[in-house]
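Here is how the chains run, residue by residue.
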Amino acid sequence: MDRRTTRQSPARPAEQPTRIHAVGPRGRGAHRLIGDALRVAVPGDTVVVDPGRYEEAVVLERRVVLVARQGAGTVVLAAPAGAGPALTVQGPDCLVRSLDIEAADPGEPAVSVAPGAGVVLAHCTVRGGRIEVRGPERAEQDGPGEQDGPGEQDDAQGTSAVLLRHCRLEGARLAALRLSGGARVRAEDTVITTVDGTGVVLSGTARLDAVRLRLESTTGSGIRLRGRSRLRLGDSVLHRTGRAGLLLEDDSRAGADGTRVESAGAAGVQVTGSARAELADCRIGGAGASALVVQDEGRLVARGCTVREPAANGLLATGSARAELTDCRLDDCAFSALHLSGEADGTLTDSRVRGGAEHGVHLAGRARAALTDCAVSGVTMAGVAVTEQSAATVTGCRISAADTGVTVSSPAGSRIAHSTVTATVRSGLEIGPGAKAELVGNRVSGAGAAGILLDTGSEVTVEGGTVEDSAGSGLVVWTGARPVVGGLRIEGAGKNGIYFAQDSGGLLTSCDVVRSAFPALHLAAGAGPRLRRCRVLDCAEALGGEEGAAPVFEECDLGDRPAPPSAAPAPFGLPAGAPALPPAALAPAGPPPEPAEEHLDDLLAELGTLVGLDRVKHDVHSMVKLMQAVRLRQEAGLPAPPLSRHLVFAGNPGTGKTTVARLYGRLLKALGLLRQGHLVEVDRSALVGEYVGHTGPRTAAAFNRALGGVLFIDEAYSLVPAAGGHDFGLEAVATLVKLMEDHRDDVVVIAAGYPADMARFIGSNPGLSSRFTRTLLFEDYRAADLVAIVEHQAQEHRYELTETAREQLLRHFETVPRDAGFGNGRSARQTFQEMTERQAQRMAELGNPTPGQLTALEAEDLPPLG
């Protein structure tokens, strides 16, 4: 300790030398018990203990030194049953070195430090009991960075000061180290392990300053702070705690620097009440719940921290909590990386979110969040999702490889500015029904659907920015939406540049549409936008849509296509001289043409030509006979037997499930049991919405497209989460069940997927099990079947396998690994494609091949195995 005091004991006269008292189980001149030596010692004396086990309860009443003569592990001080702590410290500035101290009961103190006392424990092991340090309460106003060390306390305050140096605490119950009142403890290079309870408990105004602490294997939390206690951790490790790694309650404060929290059973760091935590350069990995949890009125500041693979959120903030993350990284979260709800407030600056099973950032309730210069990539759902009454400010952020870049469904008003969204599966920016948002200077590139989607009744302003290379339309203005858009450039859209849905509108100023694959502007019936100084560049068509649209164009350049020769006034309120919309583009598309009538025998013959699938063919023939009997009974006026036409197709990828489903619909049409017999193929992405209220309409829309035919749900098991819990997929299942009942005579639903997973799908809703009563099992293709598929492909493309190539191909398919990457018929088609590529390379080397060589596929054209 840095400074010693003798306030509680009389000082030794300066001329009196320090005395050494020996303790040993045998030997002349030695005390047999440690307590005997302490009773005759005066302040400043040293008690040296020989090796042995001493079963007694020792009290340090004066400033003395107690040391094991031969070092650590040689002296055991064990408390007798019912005698209290093995070591009680009541005097100031004591030193205990190299002793093993054992409690009689693991739930009781092994070492007790009284209020006002002080001790240094160096190279000691405390086993089967806790260290308890008690001190009087005193007011504390300072924060976690303003703590004094144990040797720097104000003696007048009567605090208890303890220094643990190179100590080990193990085998305690309830707690290994408990500080209360005004206790002050500093721990250096100390290990706390195997605790049936909490590792460290602080209450009152206690303080702990720990450097290089290693705490592991507790059944409760690692460190728990209550009252107005204070904690400072440096270069420490909290490992395998049963509950939270670090738990702050009440008005406590904690600061941690360079600390790792690994494999916590619950939260890595949890802040509740009005507590505050500051983390710097910390690592929180493998938490059993959310890595960082801030609740109530708690505050969390984290700088340079990393969160890795939590079992829930990276950061969960609820209530009125506040969280501030700077230069942090959150990787592979099982839930949303950041989830804020209630009235929580979050600030995320220069931070990264990578991977994750849900959203990058998810706001709910009335939460608020500001994201600046952050990056979100590889999340399964939205990069940023703003729901309920929450609001977000997103500035200078980069979102990539997410399902949706940013989705806003809250009317509270969010601002997305100067951010980049790339390579999303669906929309880049999506503003939901009734939501309010401001989009400023953003870049959306490579969206898998619309670049920007403005849904029904949304209130949106768009200022500048670009939408590039979206697979769908660049900007979609849905029914009832009337945005104000200025200076937006849309380039390379896979569909329309701007799609105005029925009864939509808005004001667009100085916008450009460049190189769209469909007409630059699509105007549905009732659409009435106003466009000023907008340009259409390098598009095959400027306008397309339906009758009844009423746009207004002011000083617009709609491309170089000349107006029709008729002198009729320009439609849609076009200015004089502007190119007119062709009449064909105005006509409604109308219903699809009726499919040609097909004969049942021809369809059954087509079924018979399919390679393999013997069991499936037999099952389909049986169902056809049953349905024929049903139709005959109906025609004779007899009641039809109960019949469920819905099917489960169970099989691995590439086993022909989609092909048979399409043929099944045509068979039912030929039998007169379906009106059209067409196939609508969907998967989870086509049925499940991103936020509350979208899944039902999306599922209903897909179902309605299948009316009169077959709805084929590929990988249907993905609608039901394997781990249970709430998921929008369950809403899609419930919607399907109701629609199947409402339209039971006008649609057939086929659910397809891996055999092992389909039972989970059917069992997720009682309505499914009563409607899907028949399962067709699609077995993997045999090697000979795969050869037949390749030969069929070759005939279609005017190739021919040599006999040697056919024999080698059979051996190839007999030995190819049938692991998760094997695609059955898909693998056969890929093999054929690779054979043609290898043959083309071989022909290029011949220079002048003959027609026979050009059509022959040789054994050397087979791809190498693996």
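Whatever comes next refers back to the structure up there.
This structure is a prediction, so every number in the text was calculated from the model and none was measured.

Colleague: I tried to follow the overall build of the chain on my own but got confused; where do I start?
Modeller: Within the chain, the regular secondary structure consists of 14 helices and 71 strands. Here the chain holds 866 residues, and the buried ones make up 54% of them. Counting contacts in the chain only where the partners sit at least 6 residues apart, residues at least 24 apart contribute 48% of the total.

Colleague: Can you help me understand helix α12 (residues 803-815) in this one?
Modeller: A turn of α-helix holds 3.6 residues, and therefore any two residues three or four places apart point the same way. The first and last C-alpha atoms of α12 sit 19 Å apart over 13 residues, in line with the 18 Å expected at 1.5 Å per residue. All buried positions along α12 are accounted for by A805, L809, H812 and F813. For α12, the angular spread of the buried residues around the axis is 90°, confining them to a single face. Close packing links the buried residues of α12 with α11 (783-796), β70 (800-801), α13 (825-846) and β71 (856-857).

Colleague: For this particular structure, what's the right way to read the nonpolar core?
Modeller: One recurring pattern in soluble globular proteins is that nonpolar side chains are buried together. Counting residues in hydrophobic clusters, the biggest one holds 151 residues, and the most contacted among them are L60, L87, L121, L208, I223, L338 and L475. It is strand β18 (residues 191-202) that provides the largest number of residues to this core, a total of four residues. In terms of nonpolar packing, the next biggest core, distinct from the first, is built from 46 residues, A661, L679, L776 and L786 among them.

Colleague: I'm lost on the sheet that holds strand β66 (residues 679-682) in this one. Help?
Modeller: Two strands in a sheet stick together by hydrogen bonds in their backbones, pointing the same way (parallel) or opposite ways (antiparallel). Spatial ordering of the open sheet is given by β66-β67-β68-β65-β69, a layout of five strands whose pairing is parallel. A single partner strand is all that each edge strand has here, and the edge strands are β66 and β69 (775-778). Within this sheet the neighbouring strands show an average axis-to-axis angle of 20°, counted without direction. Relative to β66, helix α7 (residues 695-705) is tilted by about 155°, and along the sheet it contacts β66, β67 (710-713) and β68 (748-753).

Colleague: Where do I start with the packing of aromatic side chains in this structure?
Modeller: Two descriptors summarise a pair of aromatic rings, namely the distance from one centre to the other and the angle between the planes of the rings. One pass over the structure, following the stated rule, counts five aromatic pairs. Relative to F832, the ring of Y799 lies with its centre 5.9 Å away and its plane at 80°, an arrangement referred to as edge-to-face. Placement of Y799 in the loop between α11 and β70 and of F832 in helix α13 is noted, with a sequence separation of 33 residues between them. By relative accessible area, Y799 is classed as partly exposed at 23%.

Colleague: How should the environment of G222 be read in this particular structure?
Modeller: Within the fold, G222 resides in the loop between β20 (214-218) and β21 (223-225). Each C-alpha atom of the pair G222 and H239 lies 8.0 Å from the other, and the pair is 17 residues apart in sequence. Apart from residues no more than four positions distant in its own chain, G222 is found in contact with T198, G199, V200, L215, T241, A244 and G245.

Colleague: What should I look at first to understand the side chain of S410 in this one?
Modeller: With respect to the helices and strands, S410 occurs in the loop between β45 (404-408) and β46 (414-417). By relative accessible area, which is 0% here, S410 ends up buried. Among the polar contacts listed, one links the side chain of S410 to the backbone oxygen of E388, at a separation of 3.1 Å.

Colleague: So what exactly am I meant to see when it comes to the pattern of salt bridges here?
Modeller: Close approach of charged atoms lets side chains of opposite charge pair. Tallying each qualifying case throughout the model produces 48 salt bridges. Of the charged contacts, one joins R127 and E102 as a salt bridge, the two residues approaching to 3.1 Å between their closest N and O atoms. Taken together, the positions of R127 in strand β12 (residues 125-127) and E102 in strand β9 (residues 100-102) put the pair 25 residues apart, joining distant regions of the chain. R127 sits in the partly exposed class, given a relative accessible area of 27%. E102 sits in the buried class, given a relative accessible area of 17%. One salt bridge in this structure joins E860 and R842, with 3.9 Å as the shortest N-O distance. With E860 in the segment after β71 and R842 in helix α13, this residue pair connects regions lying 18 residues apart in the sequence. Within the structure, one salt-bridge network assembled from shared partners comprises R53, E55, D100, E102, R127, R168 and E170.

Colleague: Even after reading the chapter, I still don't get α7, so can you show me in this structure?
Modeller: Restricting attention to buried positions, one finds in α7 the residues T695, G696, T699, A702 and F703. Take α7 and look down its axis: the buried residues cluster within an arc of 135°, on one side only. On its buried side, α7 packs onto β66, α6 (684-687), β67, α8 (728-742) and β68.

Cut-off values and rules
- Residues numbered from 1 in each chain as written.
- Predicted model: local features only at pLDDT ≥ 70, side-chain atom pairs only at ≥ 80, totals over all residues.
- Heavy atoms only, no water.
- Helix = DSSP H or I, 4+ residues; strand = E, 2+ residues; numbered from the N terminus.
- Buried < 20%, exposed > 50% of the residue type's maximum accessible area, 1.4 Å probe, protein only.
- Contact = heavy atoms within 4.5 Å.
- Expected span 1.5 Å × (residues − 1).
- Arc of directions from axis to C-beta.
- Core = buried A, V, L, I, M, F, W, Y, C linked by side-chain atoms within 4.5 Å.
- Pairing = 2+ DSSP bridges.
- Axes fitted to C-alpha atoms, helices over the stretch in contact; angles between N-to-C directions.
- Phe/Tyr/Trp six-rings, centres within 6.5 Å; stacked < 30°, edge-to-face > 60°.
- Polar contact = N/O pair within 3.5 Å; in protein donor to acceptor, adjacent residues only side chain to side chain.
- Salt bridge = Lys/Arg side-chain N within 4 Å of Asp/Glu carboxyl O.

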